[in-house]
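The lines below spell out each chain.
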Amino acid sequence: MADHTTTTTAGGASAAAAGLDIAKPRKQWQVVLRRFFRHKAAIVGMIVFGLLVLFAVLGPMLWKYDASELNLGRYQPPSADHPFGTGQIGDDLFAKVLSGTGFSMQIALVAAVINTAVGVVLGALAGYYRSWVDSAVSRLTDLVLVIPTFLVAAVLSRSTFSTAELEQGGGSSNWLQVAIILGLTNWMITARTVRGMVLSLREKEFVEAARALGGGPGRVIFKHILPNTMDVVIVNATISMAQAVLLESALSFVGLGVKYPDTSLGLLISENQNELLVHPWLFYFPFIFIVLISLSVNFIGDGLRDAFDPRQKRVRA
Amino acid sequence: MFRYIVRRILITIPLLIVGSFLVFALVQGMGDPLGEWKLQKPREPDEIALAYERIGYNDPFLERYVNWVGGFVQGDWGTTIIPGSGVKDVQDEVFHGLWTTFRLVIGAEILALLIGMAVGVIGAVRQYSIFDYTATGVAFALFSMPVFCIGLILKSAAIPFNNFLESIGMDRWITTAGPPPGGFSGSFGHQITQYIGTFLLPTLALLAIQFALYSRFQRASMLDVLGQDYVRTAQAKGLSSGRVIFRHAFRNGLIPVLTVFAVNFGSVMGGAVITETVFNWSGMGRLLIRSIYEKEVFMVLGVVMVTAVIVVIANLIADILYARLDPRIRLG
């Protein structure tokens, strides 16, 4: 795909040479972008995601309350002063959701980057070298599947809290740690997909040509093979980002996720789960934001998948 | 085939050994398993020494691991480590949890598969119809919700419903405390009502997520098959569209979904952690979480080993199924 930088057809070229009025051939990425921008759900997803990023980045600077402010009046339902209401300790939920959205997105982004990097490298190695490298990667995959994520999270969350810190009444920031745990435990699908693609790509003529011209394994893998898997990798990366948002909330729910002083949407929901009937806004506002993040990212992923799919014919290529 | 199965099973033995060793080390890394217990009330030094002795904590790390492996392969999976009257046998607990999870999961998984298949096929046959858009939208929405939120919302909806039943003079029907330990009692009709009241919410919660997964898979694989030449040939020779869809396309479109089902079922059997926690079912998932919190090393190991074996078997079944259904695939 990426090695065909233009989609010039013989017909198009000769027609242009004959001076006929015909559309210019488009570059591959232009084709993909055009298809993507025709995908309504994906565009909505992009816009919502963009707004959420702005919300999380600019919101805390502009909003009058801070997430750590207390005693603003307990359990006030949503009003003009507190659009999302206030919680048990008189904290402004809007400020908390602003900060939680930021943390949730950060975690998801870091987790998705790690997932993708590990998955691509291991998948490429397994597919390119086959034999024992392939077996080793597949055994490693099995191993990561066997060891429960919750256990890893539990072990690490204990080790970061030194007794001294606990005595001072607080822990250190741990969102990065949660992101890394999620990143290192969810690369398997990407690895398997990339491996499958590399297995077939390594037999193609252009790879043989690259090797014949003296390209070493690193060059062949990174310059020639991997660019051709980028479509699938990008789609997988978006999906794994949506999943990381949800997984983080699951970890928070069982008490193994983000901890004070950090926060996340998952933590907000878990903290407020018993308020669902009496003070429903405390549950539903963070919930809506989680769904918005995850849904918008999923829509973007779906749009990208369709846009990259060469069989997709609804838009002229 | 037989050789293939034997080989697949044999290569999982090193996996189980390395996996259990890492789990053992991880739980060890969480610190003193009796720390909580010692803090509960003043303990005699003898009592403490005895407690450590009983779980073999005085032996070197490696020796303890080897002892556990030795016991495990002979069917002695150890007991919980907190001394006293609450000591439980790991094997009993794990199999009890497995049975609870199985009862919870089996109905939801099969329903999700059937509904997901039906919706996926219709969505593919009528691609870009209102039905397709609606089904896609619902699946995406369900995909994008944290599982525990679906559970919590269902639970919150059940309370007013129960209150309503009570106000018109009926029993509170929907329960969220898992199956009663002694089994269901009363008349047959009463048992049926109790059964449904107990299973309804967790089944719906599991169904919601799994349905989204299966319907998307079925739709994608069905679209793939419908676009292939042999389907066009079947249409071209004048077969009715129902015959083409069900006899020709559906059979092949089924293959990926069934293998996904096998793999997925295996992993869910290892514990639907969140659903079990929300609805208080003492299945594998909750057992795992609780044991991790209590640093119950043998219990964690028991759960992990049983889960790993189930996942391995499920994957094996998926691969065999794939090869059976699709003659182009050769196992080797």
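Residues numbered from 1 in each chain as written. Chains lettered and ligands numbered in written order. Predicted model: local features only at pLDDT ≥ 70, side-chain atom pairs only at ≥ 80, totals over all residues. Heavy atoms only, no water.

Quick notes on the overall build of chain A
Note the cut-off: In this description a helix means any DSSP run of H or I spanning at least four residues, a strand means any run of E spanning at least two, and both kinds are numbered starting from the N terminus. A simple rule labels every residue: compare its accessible area, found with a 1.4 Å probe on the protein chains alone, to the largest value its type can have, and call it buried under 20%, exposed over 50%, or partly exposed in between. In what follows, a contact means two residues having at least one pair of non-hydrogen atoms within 4.5 Å. Accessibility throughout is a Shrake-Rupley quantity obtained with a 1.4 Å probe, and a residue counts as covered only by protein chains that appear here.
When its secondary structure is counted, chain A shows 14 helices and zero strands. Listing the helices and strands of chain A from first to last along the sequence gives α-α-α-α-α-α-α-α-α-α-α-α-α-α. The buried share of chain A, taken over its 317 residues, is 49%. A separation of at least 24 residues holds for 71% of the contacts in chain A among residues at least 6 apart in sequence. Of the roughly 15400 Å² of accessible surface on chain A, 65% is carried by carbon and sulfur atoms.

A few points about the interface of chain B and chain A
Applied cut-off: Buried area is understood as the total, over both parts, of accessible area removed when two parts are fitted together, assessed with a 1.4 Å probe. Throughout this description, the term salt bridge denotes a Lys or Arg side-chain nitrogen within 4 Å of a carboxyl oxygen of Asp or Glu. Polar contacts, as counted here, are pairs of nitrogen or oxygen atoms within 3.5 Å of one another; within protein the pair requires one atom able to donate a hydrogen and one able to accept it, and residues that are adjacent in sequence qualify only if both atoms are side-chain atoms. Side-chain classes are defined by residue name, with Ala, Val, Leu, Ile, Met, Phe, Trp, Tyr, Cys and Pro counting as nonpolar, Asp, Glu, Lys and Arg as charged, and the others, Gly among them, as polar.
Listed by partner, the interface residues are 36 residues for chain B and 37 residues for chain A. For the pair chain B and chain A, the two sides together bury roughly 3300 Å², of which 80% comes from carbon and sulfur. In this structure, the connection of chain B to chain A is made through zero salt bridges. Scanning the region where chain B abuts chain A turns up three residue pairs in polar contact (both at pLDDT 80 or more). When contributions to the side of chain B that touches chain A are tallied by element, the ones reaching two or more residues are α1 (2-29), α6 (130-143), α7 (147-167), α8 (188-226), α11 (273-278), α12 (284-293) and α13 (297-325) of chain B. If you tally residues by element for the side of chain B that touches chain A, the top one is α1 of chain B, at eight residues. For the side of chain B that touches chain A, the per-class residue count stands at 29 nonpolar, four polar and three charged.

What to know about the packing of helix α4 (residues 93-129) of chain A against helix α8 (residues 175-184) of chain A
Residues and elements named next belong to chain A. This is how it is decided: Where helices are involved, their axes are fitted lines through C-alpha atoms of the stretch in contact, as for all axes, and angles between N-to-C directions lie from 0 to 180°. Handedness of each helix crossing follows the sense of rotation of the near helix against the far helix: counterclockwise by less than a right angle gives left-handed, clockwise gives right-handed.
For the pair α4 and α8, the least separation of the axes is 7 Å and the interaxial angle reads 35°. Seen from above, α4 lies across α8 with right-handed handedness. Listed contacts from α8 to Phe103, Gln106, Ile107, Val110, Ala111, Ile114, Asn115 and Val118 of α4 are Trp175, Leu176, Val178, Ala179, Ile180, Leu182, Gly183 and Leu184. Along the lines of polarity and charge, the residues of the contact of α4 with α8 split into 13 nonpolar, three polar and no charged.

Description of the pattern of salt bridges
Any two side chains of opposite charge can pair if their charged atoms end up close together. All names here are of chain A. Per the counting criterion, the structure on display carries ten salt bridges over all chains. Ionic pairing is found between Asp134 and Arg195, a salt bridge with its closest N-O pair at 2.7 Å. Here Asp134 is found in helix α5 (residues 131-146), whereas its partner Arg195 is found in helix α9 (residues 188-201), with 61 residues between them in sequence. For Arg195, a relative accessible area of 29% gives the class partly exposed.

Quick look at a positive patch on the surface
Residues and elements named next belong to chain B. Heads up, the rule is: The patch calculation keeps residues exceeding 30% relative accessible area without a salt bridge and links them within 9 Å when they carry like charges or within 5 Å when they are nonpolar (Val, Leu, Ile, Met, Phe, Trp, Tyr). Charge counting follows a simple rule: Lys and Arg are positive, Asp and Glu are negative, and His as well as the terminal groups are ignored. Throughout, a charge is located at the NZ atom of Lys, the CZ atom of Arg, the CG atom of Asp or the CD atom of Glu.
On the surface, a cluster of positive charge is made up of Lys237, Arg243, Arg247 and Arg251. The topology assignment puts Lys237 in the loop between α9 (229-236) and α10 (241-269). A relative accessible area of 60% means that Lys237 is categorised as exposed.

Focus on the UniProt feature "transmembrane region" (unreviewed entry) in chain B
Residues and elements named next belong to chain B. Where we set the bar: UniProt positions are given in the numbering used here, feature names are shortened, and annotations may be inferred rather than shown by experiment.
Here, UniProt's "transmembrane region" (unreviewed entry) annotation points to residues 9-27, 104-125, 137-161, 192-214, 253-274 and 297-322. Annotation note: span residues 104-125, helix share 100%, strand share 0%, distance between end C-alpha atoms 33 Å. Between the end C-alpha atoms of residues 297-322 the distance is 37 Å, and the span holds 100% helix and 0% strand.

Details of the confidence of the model for chain B
Just so we agree on the cut-off: You can read pLDDT as the predictor saying how much it trusts each residue, on a scale of 0 to 100.
Within chain B, residue pLDDT values average 85, and 99% of them lie at 70 or more. With pTM at 0.84, the complex prediction returns an ipTM value of 0.83.

Looking at α8 of chain B
Rule in force here: Here the expected length of a helix is defined as 1.5 Å per residue gap, with one fewer gap than residues. To get the bend at a residue, fit one axis to the 7 residues ending there and another to the 7 starting there, then take the angle between the axes.
Helix length check: α8 of chain B, at 39 residues, gives a terminal C-alpha distance of 47 Å against a target of 57 Å (1.5 Å per residue), a shortfall beyond 12%. Most pronounced at Leu200 of chain B, the bend in α8 of chain B amounts to some 40°, and the proline Pro202 of chain B follows within four residues.

Thoughts on the confidence of the model for chain A
Residue and element names in this part refer to chain A. Mean pLDDT over chain A works out to 81, with 85% of the residues at or above the 70 mark. Highest mean pLDDT in chain A belongs to α4 (91); lowest belongs to helix α1 (residues 10-17) (48). Every residue in residues 1-13 scores below 50 in pLDDT, and together they form 17 contacts with partners more than four places removed in sequence or on other chains.

Here we look at the packing of aromatic side chains
Applicable threshold: Pairing of aromatic side chains requires ring centres within 6.5 Å, counting the rings of Phe and Tyr and the six-membered ring of Trp. Pairs whose planes differ by under 30 degrees are stacked, by over 60 edge-to-face, and all others tilted.
Considering all chains together, one arrives at 29 aromatic pairs over all chains under this definition. When the centroid spacing of 4.0 Å and the interplanar angle of 5° are considered together, the rings of Phe84 of chain A and Phe285 of chain A count as stacked. You can see Phe84 of chain A sitting in the loop between α3 (40-62) and α4 and its partner Phe285 of chain A sitting in helix α14 (residues 281-308), a full 201 residues away along the chain. Centroid distance Phe24 of chain B to Phe61 of chain B: 5.4 Å. Interplanar angle 55°. Geometry classified as tilted. You can see Phe24 of chain B sitting in helix α1 and its partner Phe61 of chain B sitting in helix α4 (residues 61-73), a full 37 residues away along the chain.

Considerations on a nonpolar patch on the surface
Residues and elements named next belong to chain A. A contiguous nonpolar surface patch, about 890 Å² in accessible area, is contributed by Met46, Ile47, Leu51, Val53, Leu54, Val57, Leu58, Met61 and Leu62. Positionally, Met46 belongs in helix α3. We classify Met46 as partly exposed; its relative accessible area is 41%.

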